[in-house]
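A look at the structure
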Amino acid sequence: MPVSARSPSNMRPSTLHLPAGAWTTVLDCLCAHFPAIGRDVWLERMARGRVLDASGAPIDARHPYRVGLRVHYFREVAQEPVIPFSETVLHVDEHLLVADKPHFLPVMPAGAYVEQTLQARLAKRLGNADLVPLHRIDRHTAGLVLFSSNPQSRGRYQALFRERQMVKRYEALAAPLPSLAFPLLRETRLEAGEPFFRMREVEGPANTRTRIEVLERRGELWRYALHPVTGKKHQLRVHMAALGAPICNDPFYPEVSAAEDAIDDYARPLKLLAQGLSFVDPLSGETRSFHSRLALS
């Protein structure tokens with residue numbers, strides 16, 4: 001979508017299609033739809049051109065409400081935490097960008113993070129508001145993230161993930177599992193658990209699949225290669241914990257040791273790394289492989 005020249009951000013805005021209601025103005029609807037955001041905050045955002053219509057033109061406080069109207073707005077967070085680690089751009093071309101994400105940095109805006117996200121940093125750094133991640137990794141996980149930089153070809157690359165044509169390889173440090181034979185295939189059913197940010201294994205047809213290998217056996221921690229065939233939330237973390245070898249420094253599995261919004265302990269990063277991505281390029285037909293420059297110590 002067009003972004004107003006008055007908007008100082010290179011980030012793509014969030015979008016809301018106004019729901020049915022008895023409001024008079026867009027401002028009234030926004031205040032009712034987002035009760036945690038005060039009317040004065042919306043007024044201030046509108047004054048800075050941070051609320052736009054479908055064409056990218058600023059919306060002011062008098063703009064009339066209409067059901068279904070598409071409104072774009074830029075998320076903002078007061079006193080956003082600063083993540084003191086830097087990303088690395090490994091590859092850029094007309095269609096794709098590949099970045100190495102550090103631990104603790106979110107891929108996309110969520111919760112307390114807007115500007116301190118991989119997407120926002122890269123969009124600002126490269127001046128490209130069209131950057132969209134083709135997949136996500138957890139905030140606590142480090143490693144490769146593939147971005148689409150061209151809306152015209154985006155669907156072709158998104159299909160690689162949807163059709164499981166993207167080969168993903170992770171590395172993890174976890175406790176030894178000497179009683180198990182490797183390589184091992186873990187196939188289970190995952191559903192949302194408690195608290196809301198956790199996942200859990202349940203009875204029923206498997207909807208996740210991970211192939212696990214041992215790369216190195218050393219003392220109290222082994223180095224594992226994890227190959228997710230499916231891509232459910234927290235899949236690798238749940239599978240390793242269920243086997244009796246939770247990934248080192250995992251704050252959520254097998255038990256919650258830190259709340260989701262707890263202050264990060266930068267001395268204890270989750271020992272999980274998105275190490276490799278391989279695929280056949282849908283445009284050129286060539287096999288392409290990317291490897292993280294990060295390492296788990």
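Cut-offs used in this document
Residues numbered from 1 in each chain as written. Predicted model: local features only at pLDDT ≥ 70, side-chain atom pairs only at ≥ 80, totals over all residues. Heavy atoms only, no water. Pairing = 2+ DSSP bridges. Helix = DSSP H or I, 4+ residues; strand = E, 2+ residues; numbered from the N terminus. Contact = heavy atoms within 4.5 Å. Core = buried A, V, L, I, M, F, W, Y, C linked by side-chain atoms within 4.5 Å. Buried < 20%, exposed > 50% of the residue type's maximum accessible area, 1.4 Å probe, protein only. Phe/Tyr/Trp six-rings, centres within 6.5 Å; stacked < 30°, edge-to-face > 60°. pLDDT = per-residue confidence, 0-100.

A sheet is described by the order of its strands in space; here 3 strands give the open sequence β1-β3-β2, paired in antiparallel fashion. Every other strand in the sheet has two partners, leaving β1 (14-17) and β2 (51-52) as the edge strands with one partner each. Relative to strand β3 (residues 70-73), β2 runs antiparallel, the two sharing 2 bridges. For Leu52, the partnering residue across the bridge sits in β3 and is His72.

To continue, consider the side chain of Thr141. Its place among the elements puts Thr141 in the loop between β6 (132-133) and β7 (142-148). Those residues within four positions of Thr141 in sequence are excluded, and the remaining contacts are Lys101, Pro102, His103, Tyr170, Leu270, Leu272, Leu273 and Ala274.

The biggest cluster of nonpolar side chains holds 31 residues, and the ones touching the most others in it are Phe147, Tyr224, Leu226, Met240 and Leu272. Of all the secondary-structure elements, those providing two or more residues to this core are β5 (96-101), α3 (118-126), β7, β8 (167-174), β11 (208-218), β12 (221-228), α5 (235-242) and β13 (272-280). Non-local contacts of Leu226, meaning those with residues more than four positions away in its chain, are made with Lys168, Arg169, Tyr170, Ala172, Thr210, Arg211, Ile212, Leu236, Met240 and Leu272.

The way to describe two aromatic rings as a pair is by their centre distance and the angle between their planes. Considering all chains together, one arrives at 12 aromatic pairs under this definition. Summarising the aromatic geometry, the rings of Phe104 and Tyr266 are spaced 5.0 Å apart at their centres and angled 75° between planes, so their arrangement reads as edge-to-face. Linking Phe104 in the loop between β5 and α3 with Tyr266 in the loop between α5 and β13, this pair joins segments that are 162 residues apart in sequence. Owing to a relative accessible area of 4%, Phe104 belongs among the buried residues under this scheme.

So, about unusual backbone geometry. Cis geometry marks the peptide bond from Glu194 to Pro195; its omega dihedral reads -10°. Relative to the helices and strands, Pro195 resides in the loop between β9 (184-192) and β10 (199-202). Going from Tyr253 to Pro254, the amide bond is cis rather than trans, its omega being 5°. If you trace the backbone, Pro254 turns up in the loop between α5 and β13. At Arg164, a position not held by glycine, the phi torsion is positive, near 55°. Secondary-structure assignment places Arg164 in the loop between α4 (154-162) and β8. Here the phi dihedral of His234 falls at roughly 60°; this positive angle occurs in a residue that is not glycine. With respect to the element layout, His234 can be found in the loop between β12 and α5.

Moving on, we come to the pairing of strand β14 (residues 287-291). The two faces of β14 differ: Arg288 and Phe290 on one face are buried, but Thr287, Ser289 and His291 on the other face are not. Examined bridge by bridge, β13 and β14 share 5 bridges and lie antiparallel to one another. Bridging across to β14, Val280 finds its partner in Thr287.

Turning next to the confidence of the model for the chain. With 96% of its residues at a pLDDT of 70 or more, the chain shows a mean pLDDT of 91. For residues 1-9, every residue scores under 50 in pLDDT, and the model assigns this stretch 28 contacts once sequence neighbours within four places are set aside.

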